[in-house]
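# Chains, contacts and geometry: an overview
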Amino acid sequence: MPDLVVECPVRLTESNRGELRLLYTDLRDHYSRRDARDGTRTALHFVWSGVLDPELFGATYADQRHVFGASRPIVNSAKGVDLPESLRYGVLTA
């Protein structure tokens, strides 16, 4: 069965890093249960809006890698901005 893709529109600010970590954990847990039940594998696509501070984005990118591990494909993109290839894919799976 092909991957299901869920787009997650998000905005990154200094004050919401903790909230984003909780969001990542909730998404990981929810889709892990659902995928196990339905026999699917869901890819998450985070679509960032607003100005992306490289330091803040680097921190939340590290959070994604920590929370999701190799559990599912993660893609990052930004409206109107080309992210470097190295930051576009938070988690790569075999």
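For the structure, see preceding data.
Below is a short write-up of the structure. Note that the structure is a prediction, hence the values are computed from the model and not measured.

### Digging into helix α1 (residues 17–38)
Spanning 22 residues, α1 covers 31 Å between terminal C-alpha atoms, matching the ideal 32 Å at 1.5 Å per step. Of all the positions in α1, only L20, Y24, L27, Y31, R34 and D35 are classed as buried. All buried residues of α1 lie within an arc of 120 degrees about the axis, which places them on one face of the element. In α1, the exposed residues that point more than 90 degrees away from the buried face are L22, D26, R33, A36 and R37. Of the residues trailing α1, G39 is marked for its positive phi of about 70 degrees.

### What about the packing of aromatic side chains?
Two numbers describe a pair of aromatic rings. These are the distance of the centres and the angle of the planes. If you walk through the whole model with that rule in mind, you get 6 aromatic pairs. For the ring pair W48 and F57, a centre distance of 5.7 Å and an interplane angle of 85 degrees mean the geometry is edge-to-face. Aromatic ring contacts, followed pair by pair, group Y24, F46, W48, F57, Y61 and F68 into a single cluster.

### Details of the pairing of strand β3 (residues 74–78)
Side chains I74, N76 and A78 of β3 all project onto a buried face; the interleaved residues V75 and S77 project onto a face where none is buried. Each parallel crossover has a hand, and for strand β2 (residues 42–49) linked through helix α2 (residues 54–68) to β3 it is right-handed.

### Thoughts on the environment of V51
Here V51 lies in the loop between β2 and α2. Among the residues examined, V51 registers a relative accessible area of 73% and is labelled exposed. Distance from V51 to T13, taken between C-alpha atoms, is 8.9 Å for residues 38 residues apart in sequence.

Criteria and thresholds
Residues numbered from 1 in each chain as written. Predicted model: local features only at pLDDT ≥ 70, side-chain atom pairs only at ≥ 80, totals over all residues. Heavy atoms only, no water. Helix = DSSP H or I, 4+ residues; strand = E, 2+ residues; numbered from the N terminus. Expected span 1.5 Å × (residues − 1). Buried < 20%, exposed > 50% of the residue type's maximum accessible area, 1.4 Å probe, protein only. Arc of directions from axis to C-beta. Phe/Tyr/Trp six-rings, centres within 6.5 Å; stacked < 30°, edge-to-face > 60°. Right-handed = clockwise from strand over helix to strand, strands pointing away.

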